[in-house]
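Results of the structural survey
Next come the chains, spelled out residue by residue.
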Number of protein chains: 2
Amino acid sequence: MGIRIGISGYGNLGRGVECAIRQNEDMELSAVFTRRDPSGVRILTEGVPVYPASDILKYKDAVDVLIICGGSATDLPEMTPRYAKDFNVIDSFDTHARIPEHFDRVDAAAKEGGNIAIISVGWDPGMFSLNRAIASAILPEGSDYTFWGKGVSQGHSDAVRRIDGVLDARQYTIPVEEALKEVRSGSNPKLSTRQKHTRECFVVAKEGADKERIEKEIKTMPNYFADYDTTVHFITMEELERDHRGIPHGGFVIRSGVTGWEKENKHVIEYSLKLDSNPEFTSSVLVAYARAAYRMKREGMKGCKTVLDVAPSYLCREDGRSLRAHLL
Amino acid sequence: MGIRIGISGYGNLGRGVECAIRQNEDMELSAVFTRRDPSGVRILTEGVPVYPASDILKYKDAVDVLIICGGSATDLPEMTPRYAKDFNVIDSFDTHARIPEHFDRVDAAAKEGGNIAIISVGWDPGMFSLNRAIASAILPEGSDYTFWGKGVSQGHSDAVRRIDGVLDARQYTIPVEEALKEVRSGSNPKLSTRQKHTRECFVVAKEGADKERIEKEIKTMPNYFADYDTTVHFITMEELERDHRGIPHGGFVIRSGVTGWEKENKHVIEYSLKLDSNPEFTSSVLVAYARAAYRMKREGMKGCKTVLDVAPSYLCREDGRSLRAHLL
């Protein structure tokens, strides 16, 4: 029997977790829990039950690790501490500024229940954090750069959709190639927000809407667009559906630093992701950390962890001996 | 008082460790141990003693972590197990095929002494291994690619120097740009040795030596050059010293894989290094893992570890709370 995974919440992320479990022979999907009416939720895996979220405690013994697929604004701050009392849990909480507070609440709950919780798992926070931490420990004298894209930003797309006269929209965040090049040279540039990323919007306007006004409202929107060079394209609904259905994303974490007695040698460490599907990649990271949570619990650990607290070998299906022989 | 580091062996790597310690405020160099006559060894740090290796046990209480800077062929297989009985130790053992056997011997010694030993620390094995392991855990259906260079290969340079008529030589390993591009596209290519890397040699020949014969001997040398497209340039000793004094290196670890119910989405994870000084970068990694060894020992752990067994937070000077608030 494999590691039994429960999924709480069945949207893009939950479905991604379901797909990722199928790619890992040592895991199996045990159940999906939903706040919707379970009879209306069709999942992909045959023979796996969908239960109402309100019944979740009944299935405590059928789930080794619960992956909580919810939003960071309201779902996870409430759900992760609650479930951590009774389950080993993984979440992808990504409101950077509120991580310490979320950590403390989840930690208390997980310790009370004797469980492992791993929060803020994904790629940023997640893999990008890991790379920022390791690279800055290796090169303490240097600078960090994070670039996002090219990819769809859900928050920015939503902001455009809220503008009067907009039927639908998709926003891409794009790193500036010249800025990347300068950073990779090791010259340690100071870069403004505008110098690092551009934004590109594909907008479907309602018939008769004032496109000039919409474009101006987008480009001057504070926080979201005003600090960036933004391009706006008006397209048809057919074009949006044909060319912009995917949810690609990615980005770059670059550390440049110096070594040597006179700091005479430069080094550049770069980590990058190019993802066809942002939610499916995030789900794949969640599933690898579910394996880690299962093992850490079995070794008697408890409490809240982040990706920084998890030794990489816990993520791998192979045991230590095999990793040392074939991969190290 | 900082973490007290001892250095065993004072060549390029030992000197690199000395420089790296100066960049980490929580560390101090406690002593250098050498098999040479200590009176003939001048180190960079003022006021730090150089002792004969044979006296090392006398200084057991003055060293929190001993970084063993020796060769993998004969030094480390003997030194690391021996020192692990009395010290927390770090080494950069890099003979991939013999890691399991080295691990077992060091593990037995470290457990006997109640110490932590971290072996095979550096960038390959080391950072590259870490990235191979994590990326393949996240994308279990996919392929791994490791490219090295552009950089100086010491072993290949030595092989050229052993050819009759060669005064000195420098060999660069160069990844093939088209192969990198193909791998990054996610097309999962099968690549031969020749398709992945080329080799470039800069050779100083003795006066009157038969350059045609030297070039042929290089290009047909089994294991080292025969399987590669190799370019040979004859240069003067002045040119070699002017243009090829550095020890740059680097490389790329790329994982491409698929996700989705029908495996319809591609993802590419890439980690790369561009290093002005191979030994100084390796030293910087050794020093970060020395911090980890110190902390793991204080938490009561013991035995042999590799980079795969070390949670990233142990590498960082900041504590968990600060990492979560500022870096995650």
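Everything discussed here concerns the structure shown above.
Here the structure is a predicted model, which is why all the values come from computation and not from measurement. Residue positions are given per chain, counted from 1 along the sequence in the order it is written. Here chains are named by letter from A upward and ligands by number from 1 upward, in the order in which they appear as written. Only residues with pLDDT of at least 70 are given local features in this predicted model, and only at 80 or more are side-chain atom pairs given and counted; all residues enter the totals for whole chains, interfaces and linings. With hydrogens and water stripped out, all remaining heavy atoms of the structure feed into the side-chain values.

1. Re the overall build of chain A
Here a helix means four or more residues in a row that DSSP labels H or I, a strand means two or more in a row labelled E, and each is numbered from the N terminus. Within chain A, the secondary structure is distributed over 11 helices and 14 strands. In terms of overall size, chain A behaves like a compact globule, its C-alpha atoms giving a radius of gyration of 22 Å where 328 residues would be expected to give roughly 20 Å. With the principal axes as the frame, chain A shows a C-alpha extent of 65 × 60 × 35 Å. Counting across all 328 residues of chain A, residues that qualify as buried make up 59%. The quantity called the radius of gyration is restricted to C-alpha atoms. Its globule counterpart is 2.2 Å times the number of residues to the power 0.38. Relative accessibility under 20% of the residue-type maximum defines a buried residue, over 50% an exposed one, and the middle range a partly exposed one, all with a 1.4 Å probe and only protein chains included.

2. With respect to helix H3 (residues 99-113) of chain B
Residues and elements named next belong to chain B. Look at H3: 21 Å from first C-alpha to last across 15 residues, which is about the 21 Å you get at 1.5 Å a residue. Considered for burial, the residues of H3 that qualify are Ile99, His102, Phe103, Val106, Asp107, Ala109 and Ala110. Downstream of H3 by one or two residues, Gly114 has phi in the positive range, about 70°. Expected span of a helix: the number of residues minus one, times 1.5 Å.

3. Concerning the pairing of strand S11 (residues 229-234) of chain B
Along a regular strand, successive side chains alternate from one face of the sheet to the other. Residues and elements named next belong to chain B. By definition, two strands form a pair when at least two bridges between them are found by DSSP. Pairing geometry for strand S10 (residues 197-205) and S11, over six bridges, is parallel. In the sheet register, Arg199 faces S11, and the bridge partner there is Thr230. Throughout, right-handed denotes a crossover for which the path from the first strand over the helix to the second runs clockwise when the strands point away from the viewer. As a crossover connection, the stretch from S10 through helix H8 (residues 211-219) into S11 is right-handed.

4. Structural notes on the packing of aromatic side chains
Pairing of aromatic rings covers Phe, Tyr and Trp, the last through its six-membered ring, and needs centres within 6.5 Å; plane angles under 30 degrees mean stacked, over 60 mean edge-to-face, and all others mean tilted. Applying the stated criterion to the full structure yields 14 aromatic pairs over all chains. Considering the side-chain rings of B:Phe33 and B:Tyr59, the 6.0 Å spacing of their centres and the 45° angle between planes classify their relative orientation as tilted. Placement of B:Phe33 in strand S2 (residues 27-34) and of B:Tyr59 in the loop between strand S3 (50-52) and strand S4 (65-68) is noted, with a sequence separation of 26 residues between them. Members of the aromatic cluster, each reached through a chain of ring pairs, are A:Phe33, A:Tyr51 and A:Tyr59. The lysine or arginine in question, A:Arg82, covers the ring of A:Tyr83, its NZ or CZ lying 5.0 Å from the ring centre. Definition used: whenever NZ (Lys) or CZ (Arg) falls within 6 Å of the ring centre and also within 35 degrees of the ring normal, the charge is taken to sit over that ring. Across from the ring centre of A:Trp261, 3.6 Å away, lies the NZ or CZ of B:Arg22, which sits over that ring.

5. Remarks on the environment of A:Arg298
Residue and element names in this part refer to chain A. Turning to its location among the elements, Arg298 is positioned in helix H10 (residues 278-298). By relative accessible area, Arg298 is classed as exposed at 63%. Separated by 127 residues in sequence, Arg298 and Gln171 place their C-alpha atoms 44 Å apart.

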